[in-house]
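Structural characterization, general
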Amino acid sequence: MRKQIFFILALAVGLSACSNYNYYAVSNKKLSANYKSFAWLPESKSKASKLYDNQIATDRIVEATSNALANKGYQLDNKNPDLLIKYTAGVTTKTREYNEPMYYNPPARIVPRLGFARGRTFYYYSYVNPYPVYVGSEMRTMNVKEGSVMIDLIDRKSGKVIWRGWAEGEINNPEKAINDIPKVVDNIFKKLSS
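Every chain's residues receive numbers from 1 upward, in the order its sequence appears when written. Where local features are concerned, this predicted model is filtered to residues with pLDDT of at least 70; where side-chain atom pairs are given and counted, the filter is 80 or more; whole-chain, interface and lining totals use all residues. The basis for every side-chain value is the complete set of heavy atoms in the structure, and neither hydrogens nor water enter the calculation.

**With respect to the packing of aromatic side chains**
Centre distance and the angle of the planes are the two values used to describe a pair of aromatic rings. For Phe, Tyr and Trp, rings pair up if their centres lie within 6.5 Å, where Trp contributes its six-membered ring, and each pair is then called stacked (planes under 30 degrees apart), edge-to-face (over 60) or tilted (otherwise). All chains considered together, the criterion is met by 5 aromatic pairs. A centroid spacing of 5.8 Å and a plane angle of 65 degrees characterise the contact between Tyr103 and Tyr134, whose relative ring orientation is edge-to-face. With a gap of 31 residues between them, Tyr103 in strand 5 (residues 83–104) and Tyr134 in strand 8 (residues 133–155) connect regions that are remote in the sequence. Of the two residues, Tyr103 and Tyr134, neither departs from the other in class, the shared state being exposed. Secondary structure follows DSSP: runs of H or I at least 4 residues long count as helices, runs of E at least 2 residues long count as strands, and numbering of each begins at the N terminus. Relative accessibility thresholds used throughout: buried, under 20% of the residue-type maximum; exposed, over 50%; partly exposed, between the two (1.4 Å probe, protein chains only).

**So, the pairing of strand 8**
The pairing criterion is simple: DSSP has to find at least two bridges between the two strands. Here strand 5 runs beside strand 8; their pairing, made up of 22 bridges, is antiparallel. Its bridge partner lying in strand 8, Lys86 is registered against Asp152. Bridge count between strand 8 and strand 9 (residues 161–170): 9 bridges; the pairing is antiparallel. Counted as the bridge partner of Ile154 is Val161 from strand 9. Counting the residues in the hairpin turn of strand 8 and strand 9 gives 5 residues, including Gly159, whose phi is positive at 80 degrees.

**Some remarks on the side chain of Ser37**
Mapped onto the fold, Ser37 is located in strand 2 (residues 37–40). Looking at Ser37, its side chain comes within polar contact range of the main-chain nitrogen of Asp82, at 3.1 Å. Here a residue-residue contact requires only that any non-hydrogen atoms of the pair lie within 4.5 Å. In contact with Ser37, other than residues within four places in its own chain, are Tyr74, Gln75, Asp77, Asn80, Pro81, Asp82 and Leu83. Within 3.5 Å is the distance limit for a polar contact, defined as a pair of N or O atoms, with the added protein rule that one can donate a hydrogen and the other accept it, and that residues adjacent in sequence qualify only through two side-chain atoms.

**Some details on the pairing of strand 9**
Direction of pairing for strand 1 (residues 21–27) relative to strand 9: antiparallel, over a ladder of 7 bridges. The residue of strand 9 that forms the bridge with Asn22 is Glu168.

**Thoughts on the side chain of Asp152**
One can find Asp152 in strand 8. If we skip the residues at most four places from it in the chain, Asp152 touches Leu84, Ile85, Lys86, Val161, Trp163 and Arg164.

**Regarding helix 2 (residues 55–71)**
Expected helix span is computed as 1.5 Å times (number of residues minus one). Helix length check: helix 2, at 17 residues, gives a terminal C-alpha distance of 24 Å against a target of 24 Å (1.5 Å per residue), a fit within 8%. All buried positions along helix 2 are accounted for by Ala57, Thr58, Ile61, Ala64, Thr65, Ser66, Ala68 and Leu69. Where the residues of helix 2 are buried, they touch strand 2, strand 5, strand 8 and helix 4 (181–189). Just downstream of helix 2, Gly73 is the residue with a positive phi angle, here 100 degrees.

This is the structure:
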């Protein structure tokens, strides 16, 4: 029973660790205790490409970011915020190169054989189907769509970006990409140290 529970836990951890996004963050300085509130810049300051340029994606990014900041102890204050927030979401087409293994399949054939039995020699035929032989690899290219969501925290007084977090990942299904926005934003804010 213990082995089964351990296996299920290991499988759950392994599957949760798999993500098709990579997460990054950079900052000028640590967020100090002086920052207690935030507000969103007008939507015209944020940029979104074709996939993310809709109200559903915008709402999900804003809601997930607001929730993540609230969980970190920041409060929404539209009148006198300490931090301003801006996001950029986009999709680009990139060329990915990969090596495709090349194999040679020798033809199958019937081969004459010589056998010995009871002191006599006899001939027989056997069917030979050899295994494929690896002969190298060939460089292939394919176009993939890569999406990114970038969130900037800006000091309202100085107007400078003090923290930027972003995620990049391959997008195979646009619907899944929009549904994954809350999870992606939460993982971006795990990089935020206050």
